Amino acid sequence: MKLVIRILLSAVAVVILAKLLPGVEVVGFTSAIIVAIVLALLNAIVKPILVILTLPITIVTLGLFLLIINALIVLMASSFIDGFGVSSIWTAILFSVLLSILESILYSVLKDDN
């Protein structure tokens, strides 16, 4: 159940950022849900491979190259999904940073009080 709520919160974050950022387009909430699912899958499958392959560059740039990897993941998602578009790499970097911040704020609602 928590996974479904996390996907829905990610979709809400995608819709909010699409309204705020001029270079990001989402057709509807259904597309935002698909974007959240595709981003989760790409982050689970493709991102670890990219991180391992670019480890020397990441070390030299003190981890800042991970922003580029996140932007590439967002651009890959925009190429897979028809109802989602990102205009440039800079918009994708800004989108990925803001999405991470917004998701962490929204996920804090799900935090258990154990």
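Our subject in this report is the structure included herewith. Just so we're clear, the structure is a prediction, and the values are computed from it rather than from any experiment.

The subject of this paragraph is the packing of helix α1 (residues 2-20) against helix α2 (residues 29-53). In a packed pair of helices, the relevant descriptors are the angle between the two axes and the axis-to-axis distance. Interhelical geometry of α1 versus α2 gives an angle of 115° and a closest axis separation of 8 Å. The chirality of how α1 crosses α2 is right-handed. Across the interface between the two elements, Ile7, Leu8, Ser10, Ala11, Val12, Val14 and Val15 of α1 pack against Phe29, Ala32, Ile33, Val35, Ala36 and Ile37 of α2. When its residues are assigned to classes, the contact of α1 with α2 shows 12 nonpolar, 1 polar and no charged.

Using the criterion set out here, one finds 1 aromatic pair in the structure. Geometry around Tyr107 places Arg6 over its ring, the cationic atom sitting 3.9 Å from the centre.

Definitions and limits used
- Residues numbered from 1 in each chain as written.
- Predicted model: local features only at pLDDT ≥ 70, side-chain atom pairs only at ≥ 80, totals over all residues.
- Heavy atoms only, no water.
- Axes fitted to C-alpha atoms, helices over the stretch in contact; angles between N-to-C directions.
- Helix = DSSP H or I, 4+ residues; strand = E, 2+ residues; numbered from the N terminus.
- Left-handed = near helix turned anticlockwise from the far one by under 90°.
- Contact = heavy atoms within 4.5 Å.
- Nonpolar A, V, L, I, M, F, W, Y, C, P; charged D, E, K, R; others polar.
- Phe/Tyr/Trp six-rings, centres within 6.5 Å; stacked < 30°, edge-to-face > 60°.
- Lys NZ or Arg CZ within 6 Å of the ring centre and 35° of its normal.

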